[in-house]
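Fold and geometry: a report
Listed below are the residues making up each chain.
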Amino acid sequence: MIGVRKMQEITLKRKIYTELQKWKKEYAPEYALFIKGARRVGKTTIAEELGKNEYKSYITINFQSANDTIRDLFVNSLLDLDYFYSVIQIQYGKKLYNRESLIILDEIQLFPLARQALKTLLADGRYDFIETGSLAGIKKKSEKAEILIPSEEYSVEMFPLDFEEFLWAMNDEVTMPIVRNSYESLKPLGTLHRDIFRKFREYMCVGGMPQAVVKYMDSKDFEKVDFAKKEIIELYRNDIKNQEEENKIYVGNILENIPSELSKHEKSSTFKLTHVDKNARYREYSGPLNWLREAMIVNEARNVTDPSPALTLNMDEERFKCYLLDTGLLINLSFGDGSYLDNEFYKAILTDKLHINEGMFVENVVAQCLRSNGHKILFYIEYNEKGKPVMEIDFLIRKDRKVIPIEAKSGKTFAIKSLQKFKAKFTKRVGLQYVLHDGDVKRDGEIIYLPYYMAAIL
């Protein structure tokens, strides 16, 4: 069964629901489930859906709004769990049933003491527990307060809707099986390609944040979609201003500069901190970057210095790229506060007329697709003795114990020299090579040309 999420009487199916069912069957009650994800990706909704479907009752404790009585329970009432659970039931007006109820600890990062209490609560074993939130800043908060983080956790990551989930939201359960068949057989899609590509461009514009998708389903009105996305970006900005673990200005600088760094005309452009602040040093920005990564607001990409099937063994920590978690949000972050009617990026994407510096949206959506499929975002740049880049591969993944280089190409004409050099240099390590482009499926020896939307199944 695939998960169901309800927002404003519109149902969204989510793949992660299967992971939640697996946890309930195989790991609860010995382990709590920790759903990690950015704000507004739907963590609470999917947890509550599990509570509705799989339990006799559930209670959600949101630590953004929990009162002092509830917070105090997790600190001073763990020696009397009968009292602990009695107060919770009275406070929330819901009955809990032994081994048939779920307790959701929402926004757990706001109250790490509740996370520490889980060791005692899980040992008791009466009820199952789900935590939702982000890891942003929680490690520093815990260290500062000398809080013990429980080892009894089963963690899953939740992302914005992927392309297939977006299609499901549009009542389309036919397209992705056709796409998978084309990918597996390497047979062109022919006349279907244009229609699927149009749907993928819609996905890029709307993005995968549930609120934006619901607005689009309900109205097909980009003004309402735009408003929903701007609200989410503002929420992230406020979270950055309100956090106290890292330098607020540095964290905000990285976020706000993602569009300009991705849009650089130089092919080999990594994120240059000196563009943010001419005096910036990586050691000063590593903490703020880590905060954004743990908040899952960004998909950070790292440079692999010596590609091998164990891709993460050799990485240059100071050469990185930053992609936004959602391409729909990137469009809004790039355009600022202007009216959606004047947003040139919507027009360029929907009409398939991206200019070279707008190819950043293609690169971002590919990173988003790969991350949703469980890949780390990795790339390769090689420099000559003068520090000039001579070879770059946009993305690297592992498949069948081989390194698979992926190039995402925007525009009608492009070169594949880097792919050829990469294959020649690392022949025994490299399998097939993928070029993602706006055309149909085709094969040229070991180079496979795939339409952008097939990044969703790599």
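Predicted model only: the values in this text are computed from it and were never measured.

Conventions adopted
- Residues numbered from 1 in each chain as written.
- Predicted model: local features only at pLDDT ≥ 70, side-chain atom pairs only at ≥ 80, totals over all residues.
- Heavy atoms only, no water.
- Helix = DSSP H or I, 4+ residues; strand = E, 2+ residues; numbered from the N terminus.
- Buried < 20%, exposed > 50% of the residue type's maximum accessible area, 1.4 Å probe, protein only.
- Contact = heavy atoms within 4.5 Å.
- Polar contact = N/O pair within 3.5 Å; in protein donor to acceptor, adjacent residues only side chain to side chain.
- Pairing = 2+ DSSP bridges.
- Axes fitted to C-alpha atoms, helices over the stretch in contact; angles between N-to-C directions.
- Disulfide = S-S within 2.5 Å.
- Parallel < 35°, antiparallel > 145°, perpendicular 65-115°, else oblique.
- Nonpolar A, V, L, I, M, F, W, Y, C, P; charged D, E, K, R; others polar.
- Salt bridge = Lys/Arg side-chain N within 4 Å of Asp/Glu carboxyl O.

Helices and strands together make up the secondary structure of the protein, namely 18 helices and 16 strands. Overall, the protein is about 70 × 50 × 50 Å in size when its C-alpha atoms are taken along their principal axes. Looking at the 458 residues of the protein, the share that counts as buried comes to 57%. A separation of at least 24 residues holds for 69% of the contacts in the protein among residues at least 6 apart in sequence.

The next thing to look at is the side chain of E382. For E382, the position within the fold is in strand β10 (residues 377-383). Within polar-contact distance, the side chain of E382 engages the side chain of Y380 at 2.6 Å. A distance of 2.7 Å separates a polar atom in the side chain of E382 from a polar atom in the side chain of K425. The residues touching E382, leaving out its near neighbours within four places in the chain, are K388, P389, V390, M391 and K425.

Across the sheet, 5 strands lie side by side as β4-β5-β6-β3-β7; this open sheet has parallel pairing. Two strands lie at the open edges of the sheet, namely β4 (57-62) and β7 (153-158), each paired on one side alone. Here the average twist between neighbouring strands, direction ignored, is 20 degrees. Pairing of strand β5 (residues 101-106) with strand β6 (residues 128-133), which is carried by 4 bridges, proceeds in the parallel orientation. Bridging from a neighbouring strand, L102 pairs with D128 of β6.

A few words on the state of the cysteines. This structure, assessed with the given rule, holds 0 disulfides. C205 takes part in no disulfide bond, and the closest cysteine sulfur to it belongs to C369, at a distance of 14 Å. Exposure remark for C369: the relative accessible area of 5% places this residue in the buried category.

Glancing now at the packing of helix α9 (residues 192-206) against helix α15 (residues 327-335). Remark: α9 packs on α15, axes separated minimally by 5 Å, with the N-to-C direction vectors making an angle of 55 degrees. Overall, the two elements α9 and α15 adopt an arrangement that is oblique. Packed against α9, whose contacting residues are M204, C205 and V206, the element α15 presents T327, G328 and I331 at the interface. Counted by class, the contact of α9 with α15 contains 4 nonpolar, 2 polar and no charged residues.

Each strand in a sheet pairs with another by means of backbone hydrogen bonds, the pair being arranged parallel or else antiparallel. The 4 strands lie next to each other as β9-β8-β10-β11, forming an open sheet whose pairing is mixed. The sheet terminates laterally at β9 (315-324) and β11 (389-393), the two strands that pair on one side only. Each neighbouring strand pair of the sheet contributes to a mean axis angle of 30 degrees, computed without reference to strand direction. Strand contacts of helix α14 (residues 282-294): β8 (298-304) and β9, with the helix running at about 130 degrees to β8, the strand carrying the most contacts. Along the sheet face, helix α18 (residues 417-425) touches β10 and β11 and points at about 90 degrees away from the line of β11.

Residue position: D239 is located in helix α11 (residues 222-242). With relative accessibility at 19%, the residue D239 sits in the buried group. Sequence separation between D239 and A295 is 56 residues; the distance between their C-alpha atoms is 9.7 Å.

Inspection of the secondary structure assignment puts E164 in helix α7 (residues 163-169). Engagement of the side chain of E164 in a polar contact is seen with the side chain of K15, the distance being 2.9 Å. Side chain to side chain, E164 and R180 meet in a polar contact 2.7 Å long. With sequence-adjacent residues up to four places away left out, E164 is seen in contact with K15, M176 and R180.

Scanning all chains against the criterion turns up 31 salt bridges. Here D124 makes a salt bridge to R126, at a shortest N to O gap of 2.8 Å. Between R319 and D316 there is a salt bridge, with the nearest N and O atoms lying 3.1 Å from each other. Salt bridges linked by common partners bring D172, D195, R198, K199 and E202 together as one network.

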